[in-house]
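Here are the chains, one letter per residue:
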Amino acid sequence: MRLLSSALVTLLALTTFSFASSSSVLVVLDPSLDRENYSIFFGGLEKRGYNLTFRAPKDTSSAITDYDVPNYDHVILFAPDTKSYAKDITPQSLVDLLSENTNLLIALSPKQTPLTSLAAEFSLVLPPPETPLISHHPARSEPQTTIPVTVSSSSPILTPGIPPVWFTGAPHALGSTPMLIPILRAPAESFAADSISDADSDTLVAASEKGGEGLWAGSQMGLVTGFQTNVNSRVVFAGGVKMFSDEYATKELPSGGSPGNALFVTDVAAWVFQEKLKLRIDAVYHHRVGESEAPKMYTTNDEIVYTAHISAYDSETSTWKPYSGIDDLQLEFTMLDPHIRTSLPPVPGSPGAYQVQFRAPDRHGVFKFVLNWKRKGYSYLESSTTVPVVPPRHDQYPRFLSAAWPYYAGAISTSAGFFLFAALWLAGDVKGERKKGSKVE
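Structure report, in brief. Predicted model, so just to flag it, every value in this text is computed and none were measured.

## Digging into helix α8 (residues 405–427)
If you check α8, its first and last C-alpha atoms are 32 Å apart, about what 23 residues at 1.5 Å a residue would give, namely 33 Å. Counted residue by residue, α8 has zero buried out of 23 residues, so it is predominantly exposed.

Right, dumping it as structure tokens:
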């Protein structure tokens, strides 16, 4: 019986690990797109352990949610030209998926679709319909709407040194929300227009010289943009679906080299599917200097030690490893407003540990240890621990205060002077005292 129970527990553990280590992905693919033309991208996901489920936009099977519970960890929407979807795919339902920690990879197009209104919910502004991105540089045999775009090496999401990528689609303007993460920007010489002819080139040049508002041109436009919510779910909007295709992954660049589409889309998928730049706070500790346990309350002017342990997800081993790569982490000790804001540096020789020592303010109340680290591309780190800070007890005050020595000296000198005067008055003789009964004749 014990052997059978042990075998069942082992089987359950292996099954649980199998389910935990695998990620399900729903791919909503437009019927007009050939699945085989995206074999490099989809094949790469399957090699990394993802279970892909394909469905058409109007299919009712393989529902995204059942009873408001997501059935998939990630959703890919490669239906940029589809104007009608099944009932379970609406802009509101996709927004709700993000609140349930389901990540989205969405391809847009120059056409007006329901996904256009979805992009507006994330502070992305698309140009008018049928307005693709156009560039006449560099010189090439491809149409002006098929553009090699240089990849910036400053983004932490992307592998450094990616060659230019082919792009066809619509650009978008970025709003002011800090949650937007630019991944790929349009070339400086590109613009969005409803015609590939140069008939209105003079108008574009004049508008650019005046800084005309509403001009869709230049590197301020985004082509691929990410968004990270407050619960650390992620969504990526790509201006065109062709950049994920095998055709663009193998298409030779005008300079003669190989494009970087395959590596670029792999990095983008790894980020949106939580494989890259995923951090978490494992534990936080606080105590007085010289102690190891957290007290029930602190006293004003106590010396406090605060420690946080942070780890990063390693997609190659599917494990969390200590991470000490943050050099701008800060700790706040707040009561409504921060009373203390100090850096929280990593501890040398202790991977993943960050520690700082500070003195509690000379003010009592209910305080919080607050960690709030938010950087573009990285998971947000947030932690809040409430502790009371009380004034010293009546027997905890020092017997003598150094600041009160002037008052002590004044009191002592006054007392000494009084006793000296009293002694002199009582012990001294009075000259010229008149005798009783004496009469002057």
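## As for the pattern of salt bridges
All chains considered together, the criterion is met by 13 salt bridges. One salt bridge connects Lys321 with Asp314, and the closest N-O pair in it is separated by 2.9 Å. A salt bridge links Asp395 to Arg393; the shortest N-O distance between them is 3.4 Å. Of the residues examined, Arg393 reaches a relative accessible area of 51% and is grouped as exposed.

## Notes on the sheet that holds strand β24 (residues 381–390)
One open sheet accounts for five strands, arranged β17-β24-β23-β20-β21; its pairing is mixed. Sheet topology places β17 (298–299) and β21 (337–343) at the edges, where each strand pairs with a single neighbour. Judged from the six bridges that link them, strand β20 (residues 330–335) and β21 form a sheet pairing that is antiparallel. Within β21, the position partnered with Glu332 by the bridge is Arg341.

## A word on a nonpolar patch on the surface
Where nonpolar side chains cluster on the molecular surface, the patch consists of Phe421, Trp425 and Leu426 and spans about 460 Å² of accessible area. By the element assignment, Leu426 lies in helix α8. Of the residues examined, Leu426 reaches a relative accessible area of 72% and is grouped as exposed.

## Digging into the sheet that holds strand β2 (residues 50–55)
Taken in spatial order, the seven strands make up an open sheet running β2-β1-β5-β6-β15-β14-β12, and their pairing is mixed. Every other strand in the sheet has two partners, leaving β2 and β12 (180–185) as the edge strands with one partner each. Across the sheet, the mean angle from the axis of one strand to that of its neighbour is 15 degrees, orientation sign disregarded. Direction of pairing for strand β5 (residues 74–78) relative to strand β6 (residues 103–107): parallel, over a ladder of four bridges. Residue Val75 lies in a different strand from β6, and its bridge partner there is Leu104. Most of the contacts of helix α2 (residues 39–47) go to β2, to which it runs at about 140 degrees, and overall it touches β1 (23–29), β2, β5 and β6. In the packing of helix α7 (residues 261–272) onto the sheet, the strands contacted are β6, β12, β14 (222–228) and β15 (234–238), and the crossing angle to β15 comes to about 150 degrees.

Parameters at a glance
- Residues numbered from 1 in each chain as written.
- Predicted model: local features only at pLDDT ≥ 70, side-chain atom pairs only at ≥ 80, totals over all residues.
- Heavy atoms only, no water.
- Helix = DSSP H or I, 4+ residues; strand = E, 2+ residues; numbered from the N terminus.
- Expected span 1.5 Å × (residues − 1).
- Buried < 20%, exposed > 50% of the residue type's maximum accessible area, 1.4 Å probe, protein only.
- Salt bridge = Lys/Arg side-chain N within 4 Å of Asp/Glu carboxyl O.
- Pairing = 2+ DSSP bridges.
- Patch = residues over 30% accessible without salt bridge, like charges linked within 9 Å, V, L, I, M, F, W, Y side chains within 5 Å.
- Areas by Shrake-Rupley, 256 points an atom, 1.4 Å probe, with all protein chains shown as cover.
- Axes fitted to C-alpha atoms, helices over the stretch in contact; angles between N-to-C directions.
- Contact = heavy atoms within 4.5 Å.

In short, geometric facts, not functional conclusions.
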